Amino acid sequence: MADKTQKSAVDALAGRLFDGMTIMAGGFGLCGIPENLIAAIRESGTKGLTVISNNCGIDGFGLGVLLESGQIRKMISSYVGENKLFEQLYLSGDLELEFNPQGTLAERIRAGGAGIPAFFTKTGVGTLVAEGKEVREFDGEMYVMERGLTADLAIVKAWKGDAAGNLIYRKTARNFNPMMATAGKLTVAEVEHLVPVGSLDKDNIHTPGIFVDSIVAGARYEKRIERVTTRPSAAQGAGAGEEV
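Residues numbered from 1 in each chain as written. Predicted model: local features only at pLDDT ≥ 70, side-chain atom pairs only at ≥ 80, totals over all residues. Heavy atoms only, no water.

Quick look at the overall build of the protein
In plain terms, the rule: Strands here are runs of E lasting at least two residues and helices are runs of H or I lasting at least four, both read from the DSSP assignment and numbered beginning at the N terminus. Exposure categories follow from relative accessible area, calculated using a 1.4 Å probe and restricted to protein chains: below 20% of the type maximum is buried, above 50% is exposed, and the middle band is partly exposed. Two residues qualify as a contact provided that any one of their heavy atoms is within 4.5 Å of a heavy atom in the partner residue. Only four residue types enter the tally: Lys and Arg on the positive side, Asp and Glu on the negative side; His and the chain ends are excluded. By convention, charge coordinates are those of NZ in Lys, CZ in Arg, CG in Asp, or CD in Glu.
Broken down by element type, the protein carries 7 helices and 11 strands. Counting only residues that meet the buried cut, the protein has 44% of its 244 residues in that class. In the protein, once contacts between residues fewer than 6 apart in sequence are set aside, the share between residues at least 24 apart is 72%. Side-chain charges of the protein comprise 26 positive and 30 negative groups, with the mean position of each set lying 4 Å from the other.

Printed below as a string of structure tokens:
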């Protein structure tokens, strides 16, 4: 069995990046994002990128760093509300955006990975989402056709992986990552824990190694939170003179 491990994120992407390519990047908000691989892409200077991702990180972190460096030409996303630079670039015409309902985006990626070129969905019928797309009636209901998505490269992040590329995701990180791993012509995974082949419970493997071309143990993880929201403490909520 081939050992797919690489020494670093830079090594894992060596020879696999080129200007104008399409990249799928896993994650949901800042959860489950391939932090180290994103940093390696920034370091590479590859430009003119089309990036398929649920969102584009935040200002200064996640995919947001590729916006700051001017490497992204187009985003195919479903949520972009946490990034001020994204808004500025889009409104100025310096960033192209293909906006998708979140479920539609997920299904477009799943379809691409399954070799399905297109499918019909009721989501978006009669809205701007359906403009320029085929709309067809099935059983008295109208459906809009959406194309499956694939990419030159998928970068994903998992909790555990082995040298053969088998991956296990943890909690919310098991969102777009498994689908994207199947939809890239090449897939590079970064993991928090790289373990020997045979260490993973076979019944709990989410992405089989056949879909993964290279794997690397992430050098470091910040795991930032997009927006911290806390409740007032009991002391803060008590009125003047009240006992707490």
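Comments concerning the layout of surface pockets
Formally: For cavity detection a 1 Å grid was placed over the protein atoms alone, and a set of points counts as a cavity when a 1.4 Å probe fits there but cannot get out; an open set counts as a pocket when protein lies on both sides within 12 Å along at least five of seven lines, with lining residues being those that have an atom within 4 Å of a point. Grid points are joined across faces, edges and corners, and a volume is the space filled by probe spheres set on the points. Three residue categories are used. Nonpolar comprises Ala, Val, Leu, Ile, Met, Phe, Trp, Tyr, Cys and Pro, charged comprises Asp, Glu, Lys and Arg, and polar comprises the others, including Gly.
Roughly 310 Å³ of volume is contained in the largest pocket. Surrounding the largest pocket, 22 residues form its lining, E35, N36, I38, A39 and A40 being those nearest its centre. The element contributing the most residues to the lining of the largest pocket is helix α2 (residues 35–44), with 7 residues. Classifying every residue of the lining of the largest pocket by side-chain character gives 10 nonpolar, 5 polar and 7 charged. There is about 250 Å³ of room inside the second largest pocket.

Points about the pairing of strand β5 (residues 118–121)
In plain terms, the rule: We treat two strands as partners when DSSP finds at least two bridges between them.
Burial of β5 is one-sided: the residues F119 and T121 facing one way are buried, the residues A118 and F120 facing the other way are not. By the bridge criterion, 4 bridges tie β5 to strand β7 (residues 141–147) in an arrangement that is antiparallel. Paired with F119 across the two strands is E146, which belongs to β7.

Looking at the packing of helix α5 (residues 102–113) against helix α6 (residues 176–183)
Short version of the rule: A fitted line through C-alpha atoms represents every axis, and for helices the fit uses only the stretch in contact; the resulting angles, taken between N-to-C directions, go from 0 to 180 degrees. Crossings are assigned a handedness: left-handed for a near helix turned anticlockwise from the far helix by less than a right angle, right-handed for a clockwise turn.
At a minimum axis distance of 7 Å, the contact between α5 and α6 shows a crossing angle of 35°. For the pair α5 and α6, the sense of crossing is left-handed. Between α5, through Q102, L105, A106, I109, R110, G112 and G113, and α6, the contact on the second element is made entirely by F176, M179, M180, T182 and A183. In terms of residue class, the contact of α5 with α6 is made up of 7 nonpolar, 4 polar and 1 charged.

Comments concerning the sheet that holds β7
The strand order across the open sheet built from 3 strands is β5-β7-β6, with neighbouring strands paired in antiparallel fashion. A single partner strand is all that each edge strand has here, and the edge strands are β5 and β6 (135–138). Neighbouring strand axes in the sheet, compared pairwise and without regard to direction, differ in orientation by 40° on average. Where α5 meets the sheet, its contacts fall on β5 and β7, and the angle it forms with β5 comes to roughly 150°.

Concerning empty space enclosed by the protein
Tallied over the full model, the rule gives 2 cavities of 30 Å³ or more. Estimates place the volume of the largest cavity at around 50 Å³. Around the largest cavity, the lining residues are A25, G26, G27, F28, G29, I33, I38, S53, N55, G57 and L63. Its volume calculated, the second largest cavity comes out at about 30 Å³. N55, C56, G57, Y79, V80, G81, E82, N83 and F86 are the residues that line the second largest cavity. Across the lining of the second largest cavity, the residue classes tally to 4 nonpolar, 4 polar and 1 charged.

Examining the confidence of the model for the protein
Quick note on the threshold: Scored from 0 to 100, pLDDT reflects the predictor's confidence in each residue.
In the predicted model, the protein carries a mean pLDDT of 92, and the fraction of residues at 70 or more is 95%. Every residue in residues 238–244 is under pLDDT 50, and counting partners more than four places away or in other chains gives 3 contacts.

Digging into the packing of aromatic side chains
Rules: The pairing test for Phe, Tyr and Trp rings, Trp by its six-membered ring, is centres within 6.5 Å, and the orientation test on the planes gives stacked under 30 degrees, edge-to-face over 60, and tilted for anything in between. Throughout this description, the term charge over a ring refers to an Arg CZ or Lys NZ atom that lies within 6 Å of the ring centre and within 35 degrees of the ring normal.
One pass over the structure, following the stated rule, counts 2 aromatic pairs. Here the aromatic cluster, defined as three or more aromatic residues joined through ring pairs, consists of F120, F138 and Y143. The residue whose ring lies beneath K157 is Y221, and the NZ or CZ to ring-centre distance is 4.9 Å. Residue placement shows K160 over the ring face of W159; its charged tip is 4.8 Å from the ring centre.

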